[in-house]
Structures are given as structure tokens and as C-alpha cells.
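Residues per chain, in single letters:
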Amino acid sequence: MLKRIVFVVIAMSVFSGYSQNQKFKVVLDAGHGGKDYGAVYHGNIEKNIALKTALRVGAILEKDPQVDVIYTRKTDVFIELQQRANIANKSKGSIFVSMHCNANKNQAASGNETYVMGITRNASNLEVAKNENEVVTLETDYKIKYDGFDPNSPESVIGISILQEEHLDQSIELAGRVQEFFTKKTDKKNRGVKQAGFLVLRQITMPRVLIEMGFVSNKEEGEFLNSEEGQELLAEAIASAILDYKNEFFNPSNNDNIKEDYKEDIIVKETPKKEVPAKTPEKVTEKGIVFKIQISASTKELDTTPSNFKGLSPISVEPSGNLYKYFYASEKSYDAAKQKLEIAKQKGYSTAFIVAYKDGIKISLTDAIK
């Protein structure tokens, strides 16, 4: 059995808001295509499954008037990896979702998993990335275009990951929702959220995930992936995850067109996840709607004295999985919160952002503003 990666992440990137008339743009990337068949087992062809499922996802999303869907391909054509990134970036997409099928020499392997960009030395994750990256050899002058990248070299796979941690936490938020809805919609094994270096993700300037919907190398699962019923269930799961993510982070009612990112570091472990001891250093007790400024997140619990946070006060902290999240101020008014956000930025927290609570429970910024 392949080990599951657990993330200890010190990163945060959310949408604080968008202009009134801007839509949530979803870039759907059907993996492979044309002369690039992807994985082929038992008559099941990855490029076809990916395309059919992506089109189904798009059809569901397009029913939401707040969503625009951009496709990297809608037919059986070969699209270079760099061009996929160009399509995504030119569209100024909100998120990028690449859909693929997994394969393994062990044909008993099964289940779905979702990847985010990053550094890993885990052998199984490197193998998945290697398999997906091999498409680059079908492109002319690929070593020049991709800075000497060698899909057979683990060092190359690791190397393209080093500077790709922007939007990491937001990508993990999306990936986690994909896996959650896979479990709700199908009975397939949930292999979790993982991390590896994928060329298709490396130059995309937005939250991005790569979904391995299942193993075409597994005969039974391959038949599911290749069936209309299977593709519809997978599409429903992926679309539901995207809409759930949109409802949490997309805020079209804010006119300030703010898009803030917070990023520090990431550590990857291959050990069972250890939850933070059940204690709440400063429990939120405010009634009604409250806005706070999230300024950082850390695996270390710090004293909330102003000296630890560049003089800012008051500071509150919440445990979240393996992290402690730190917040500045507590305001009843969104306008007042924006003023505090500017103060936090002036103090050096340049990518802090606003979060909202109702009666001590976190809610989406969109709902709070409404």
C-alpha cells in the first residue's frame, strides 16, 4: 500500500474579494489529448476519459451564473503543457483543475487522489509526476522550453517544485474538497491530498490542482472510469467541490478587487497525522458578525503578546489541525476591518487578509458582508 502524505503547511491564500461584475473563472484542463494517449489499459484510454469528464464538469458549472468556464481543450487535440499554462494565465482564472487517470504496474492499485504543486521525495508521488510529465517528450525542443527538464530524473521533478508554493494553502483547500466529494459521490478509495512536481502546474499563477480520478490499470476501476455513469459521478463530485470552494472564497459583492496571498513555508511528512492537543488558547466568544485579520499561521504556538507580532494588538489564536492561526483585531464593521488590514500591512504583514465569524463560528466573507 502506498503511504499517504500528510501536510504540515504554513501557508494561506484566499480571495478577499472581487469586483462587482467579475465572475469566478474555472480553467478545466483535460489531461493529454491527440497523439498523447496517456495511460492505456484494458481498452480504457486516459485522454478520452479525461476529456469526457472535463466536459461534464463544465456543463454542470456553466449552470451557475457566477461561473465562467475556460477549457484548455474541448476536442481530441494535443496541447503542449506550456500552452495549457498560457491559456490559464491569459484567462486570469480563479482556479485551474487538471483531470487525469492514474496507472500502476500493480494493477490492484485503486482509488482517487488529488495533487497540489510542491516538493516531495516520496517515491510513489514522484512516479505519478514522472508518468504525467513524460508527455513533454512529445514536444519539440522541450529541454530548452522547460530549462533542461528530464522527466526521468527525480531531481528535475523536485527542482520544478521549489519556487511553486504560491497559492499552496488555497490549492490544498480545493484539493481537500475534491477528495471529500469523491467520497460522498462514489465508493472508491480515497487516497487523499498529495504533493508532487507537475510540469503542467509549474507556471500557473492561481490555485491549481491535478486530479487522478482513478486507476485505468485496475480493470474494474478502469471500466468505471470509462462508463457514462462513472464519468457523471466523478463530474458531479468535482463540480460540487469547485462550487463549494467558490462559495467559501469568492466574494463578488466587494468592490475593492482585493486578491491577497499569504505564503511562508511548507514541510512534508510521511508520518501519521498528529492533531494539535485539544485546547483553545483564546476562544472566540463575540456574538453576531465579527471580522478579523489573519496575519499568519504556524506549527508553533506563540504567546499573543504584541512583541511577538510587530506591536499589533489585540492578537487571538486558533488551533487548526497541525497549525495555529493568528488573528489581529476583531471588528463588527467590514469597513473597520479593512482599516485594520491596512495597519497590518504597514507593520509588514503584506499579505494578511480578512476572515469572518458569526457567533464564534467561521463563515464565508461573502455571507458576512451580505
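Residues numbered from 1 in each chain as written. Predicted model: local features only at pLDDT ≥ 70, side-chain atom pairs only at ≥ 80, totals over all residues. Heavy atoms only, no water.

S.K.: I tried to follow the packing of helix α1 (residues 46-61) against helix α8 (residues 228-249) on my own but got confused; where do I start?
M.R.: Helix-helix packing: each pair is described by the crossing angle between the helix axes and the interaxial distance. Running from amino to carboxyl end, α1 crosses α8 at an angle of 50°, the nearest separation of the two axes being 8 Å. Comparing the axis directions of α1 and α8 gives the class oblique. Note that α1 runs across α8; the crossing there is right-handed. For the pair α1 and α8, the contacting residues are I49, K52, T53, R56, V57, I60 and L61 in the first and E228, Q231, E232, L234, A235, E236, I238, A239, I242 and L243 in the second. Broken down by class, the residue content of the contact of α1 with α8 amounts to 10 nonpolar, two polar and five charged. (Axes fitted to C-alpha atoms, helices over the stretch in contact; angles between N-to-C directions. Helix = DSSP H or I, 4+ residues; strand = E, 2+ residues; numbered from the N terminus. Parallel < 35°, antiparallel > 145°, perpendicular 65-115°, else oblique. Left-handed = near helix turned anticlockwise from the far one by under 90°. Contact = heavy atoms within 4.5 Å. Nonpolar A, V, L, I, M, F, W, Y, C, P; charged D, E, K, R; others polar.)

S.K.: Where do I start with unusual backbone geometry in this structure?
M.R.: If a residue is not glycine, its phi is most likely negative; likewise, a peptide bond is most likely trans. Each neighbour pair has its own omega, and for S313 with P314 the value is 5°, a cis peptide bond. With respect to the helices, strands and loops of the structure, P314 is situated in the loop between β11 (289-298) and β12 (315-320). Even without being glycine, K310 reaches a positive phi, approximately 55°. Position of K310 relative to the elements: it lies in the loop between β11 and β12. Even without glycine at this site, A329 takes up a positive phi of about 70°.

S.K.: Just to check I follow, could you spell out the nonpolar core for this structure?
M.R.: Across soluble globular proteins, nonpolar side chains show a tendency to be buried alongside one another. Judged by nonpolar contacts, the single largest core of 44 residues is most densely connected at L28, V97, M213 and I242. Those elements that provide at least two residues to this core are β2 (24-30), α1, β5 (67-71), β6 (95-102), α6 (168-185), β9 (208-215), α7 (219-225) and α8. Sort the elements by how many residues they give to this core and α8 lands first, with nine residues. If sequence neighbours within four positions are ignored, L28 has contacts with A54, V57, G58, L61, V69, I70, Y71, T72, V97, M99 and I242. Residues V317, Y326, Y334 and A368 belong to the second largest nonpolar core, which totals 22 residues. (Core = buried A, V, L, I, M, F, W, Y, C linked by side-chain atoms within 4.5 Å. Buried < 20%, exposed > 50% of the residue type's maximum accessible area, 1.4 Å probe, protein only.)

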